[in-house]
Amino acid sequence: MTWWHAAIIVVAGIWAGTINAVVGSGTLVTFPVLVALGYPPVTATTSNAIGLAPGTLSGAWGYRHELAGYWPQVAKFAVASFLGAIGGTILLLSLPKDAFEAVVPVLVGLAVILVIVQPKVSKWVAKRREENGAEHKAGPLLMFLIFLIGIYGGYFTAAQGVMLMAVMGMLLSEPLQKLNGVKNVLAAVVNVVAGVIYAFVAPISWPVVLWLAVGSTAGGFLGAKIGRKLPPAVLRGVIVVIGVAAVIQLVVKQFSG
């Protein structure tokens, strides 16, 4: 790995860690960067999951004050994410590599769409809460949806945070800042579980993991402390542009290959 490849990966890790702590979808920054640098999609995904795990942990730690007194409930959610992550990694490792490479442009496109509609979902959730004063507690439906998102996150991490915010926002009555903290914890669980499994049985680029971990850890703290002051529209715009470019690149690569 050249020094400038390492520098690009660190910068991408910082940006992804910041985005993950604030809105999610940091993978839409790092995954295209790794593919553009020549890494195969499966290796990019597995290395990305491990490298971003420290960033999700630092982001979760940064939201610890919002989660005071809520940890027992977070632990229940984490069990569903844990089991889902195992299922997602099994899918990635069981299916043929060609199958993943064929579906990854669709997954990236889905993630981009989720990022675009996320503000509308947030507005709908806020309006729903104003109109309905009833308290909504975690039920079997929410646990099942968190489990499904864990499967998706274990298979391909992009936009799992957006998905979590959407389902929790619709099915819980907690403040959005608290839900954002929960989102960071659950994303950390998925990334750590997937990363540990991938580290033993999947193709990994350890230099990529190292530099992503350095960048994403710094970005996680930055996102938790400072990133909330950045305009969400700016972050979202960057994610969408990079995501669309990634879809185009992946589709062109498939047809040219």
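Only a predicted model underlies this, so the values are computations on that prediction, with no experimental measurement involved.

Caption draft 1: Local environment of the overall build of the protein. When its secondary structure is counted, the protein shows 10 helices and zero strands. If you list the helices and strands of the protein from N to C, you get α-α-α-α-α-α-α-α-α-α. Expressed as a percentage of its 257 residues, the buried residues of the protein come to 52%. When contacts within the protein are restricted to residue pairs at least 6 apart in sequence, long-range pairs at least 24 apart make up 85% of them. For the protein, the exposed surface amounts to about 11300 Å²; the carbon and sulfur share of it is 74%.

Caption draft 2: Spotlight on the nonpolar core. One finds Phe77, Phe156, Met168, Val182, Leu186 and Tyr198 to be the most contacted residues of the largest nonpolar core, which totals 58 residues. Looking at this core, the element that brings in the most residues is helix H8 (residues 176-201), giving nine residues.

Caption draft 3: Up close: the environment of glycine 62. Position of glycine 62 relative to the elements: it lies in helix H3 (residues 41-62). As for glycine 62 and phenylalanine 221, which are separated by 159 residues in sequence, their C-alpha atoms are 6.2 Å apart.

Caption draft 4: Local environment of the environment of leucine 28. Note on placement: leucine 28 falls in helix H2 (residues 27-36). Given the relative accessible area of 1%, leucine 28 is considered buried. Distance from leucine 28 to alanine 16, taken between C-alpha atoms, is 8.0 Å for residues 12 residues apart in sequence.

How each quantity is defined
Residues numbered from 1 in each chain as written. Predicted model: local features only at pLDDT ≥ 70, side-chain atom pairs only at ≥ 80, totals over all residues. Heavy atoms only, no water. Helix = DSSP H or I, 4+ residues; strand = E, 2+ residues; numbered from the N terminus. Buried < 20%, exposed > 50% of the residue type's maximum accessible area, 1.4 Å probe, protein only. Contact = heavy atoms within 4.5 Å. Areas by Shrake-Rupley, 256 points an atom, 1.4 Å probe, with all protein chains shown as cover. Core = buried A, V, L, I, M, F, W, Y, C linked by side-chain atoms within 4.5 Å.

Worth remembering: the numbers are spatial, not functional.
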